[in-house]
Amino acid sequence: MLEAVIVDDEIKALQSLSWELTNLSDEVDIIASFTDAREALDYLEKNTPDCLFLDIEMPAMDGFQFIKNLKNKDFPVVITTAYNQYALQALKNEAIDYLLKPIDTDDLEETIAKIKKFNAKNLTVERLEKILLNFNSESQSKKITINTDGKLVFLNSEDILYAESDGNYSTIFLTDGQKILLTKKLKEVNALLPENSFFRIHNSYIINLNKIKEFLKTDGYVVLESNHKIPVSRQKKSDFLDML
C-alpha cells in the first residue's frame, strides 16, 4: 500500500486527484491532504509518506519553494500543474515525475509505477527503522527499543538489571553480563522503561524491581540477583518502599 500526501491550494483539484488515486488502485492510500503549504510542511516534518503530489502555483509559497523548505526529503515528489513550462525546473528539483492537469489516467498509472520502482530501490535506513519501530509498537510482546551505536536493539524488560547514569550518557546492564552504552541521559532512559517494573532509586540509577534479591535497610542499598549493590537515595526511599 502506497501512502500518499497531496498538497494543492485548489480544493477542487485536490479532491479530483484524491478521487483519481483512490479509484485507480486499491494500493494507494491518501493519508493526508492540504490546501495550506505551511500546514503541509509541519505535517511532513513529523511524518514520512511513500510519495508527495505537489502543486506548483500556490499563494505565499510555490511548489519549488515548498521543496526547498522540506526538512524531510525521504520520499519521491510528483509535481502537478496546469502549466507545462515547469517541466525542466521540476527535474532540477529532483521531482520523480511531472503531471499536467487535468491529469490523464494513463499518465497517473505510469507515475504510480515509477513511485513503486523508486521506493523499491531506495528503501533507506530511515524507512527500515520506521518499519521496525511500527512492528514493535504493534506487537503483542512489545519490547523496549534502544537506538545505539548506529543500530536498533530490541530488549525484553526482564533482561535488564539496571541502568546507570554518567552525565549525558547512560549504561544499561543486562542479566547476561552485557552492557549497552547510550548517548541519553538517565531521565530519557527512564521514559523508555515500563513504570510498573522499573524505578529510579537514585539520581544515578534505575533498577528492575523484579531483580531485587535483598534490601539492606540500615545501609540503604538494594542487592540485585546479580549481586550488584545499588544505593537508595534518601529522597527516593519512601517512594521505593511504597512501590515494594
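Here, every reference points to the structure presented above.
Residues numbered from 1 in each chain as written. Predicted model: local features only at pLDDT ≥ 70, side-chain atom pairs only at ≥ 80, totals over all residues. Heavy atoms only, no water.

Caption draft 1: Representation of the pairing of strand S10 (residues 179–182) within the structure. Across the two faces of S10 the burial differs, with Ile 180 and Leu 182 buried and Lys 179 and Leu 181 not buried at all. In sequence, strand S9 (residues 169–174) turns back onto S10 through a hairpin of four residues, with Gly 177 there showing a positive phi of about 95°. (Buried < 20%, exposed > 50% of the residue type's maximum accessible area, 1.4 Å probe, protein only. Helix = DSSP H or I, 4+ residues; strand = E, 2+ residues; numbered from the N terminus. Pairing = 2+ DSSP bridges.)

Caption draft 2: How the structure looks around the pattern of salt bridges. Summed over the entire model, instances satisfying the criterion amount to four salt bridges. Taking the shortest distance from any N to any O, the salt bridge between Asp 8 and Lys 101 comes out at 2.6 Å. With Asp 8 in the loop between strand S1 (2–7) and helix H1 (11–24) and Lys 101 in the loop between strand S5 (97–100) and helix H5 (105–121), this pair connects stretches of sequence that are 93 residues apart. For Asp 8, a relative accessible area of 3% puts it in the buried group. By relative accessible area, Lys 101 is classed as partly exposed at 23%. A salt bridge links Lys 71 to Glu 45, with the nearest nitrogen and oxygen atoms 3.8 Å apart. (Salt bridge = Lys/Arg side-chain N within 4 Å of Asp/Glu carboxyl O.)

Caption draft 3: Fine view of the sheet that holds strand S15 (residues 229–231). Read across the sheet, three strands follow the order S13-S14-S15 without closing on themselves; strand pairing throughout is antiparallel. Every interior strand has two partners, whereas the edge strands, strand S13 (212–216) and S15, have only one. The sheet shows a mean angle of 25° between the axes of neighbouring strands, taken without regard to direction. In this structure, S13 lies alongside strand S14 (residues 221–224), joined through four bridges in antiparallel fashion. Of the residues in S14, the one forming a bridge with Leu 216 is Tyr 221. (Axes fitted to C-alpha atoms, helices over the stretch in contact; angles between N-to-C directions.)

Scope: geometric values only; no functional claims are made or implied.
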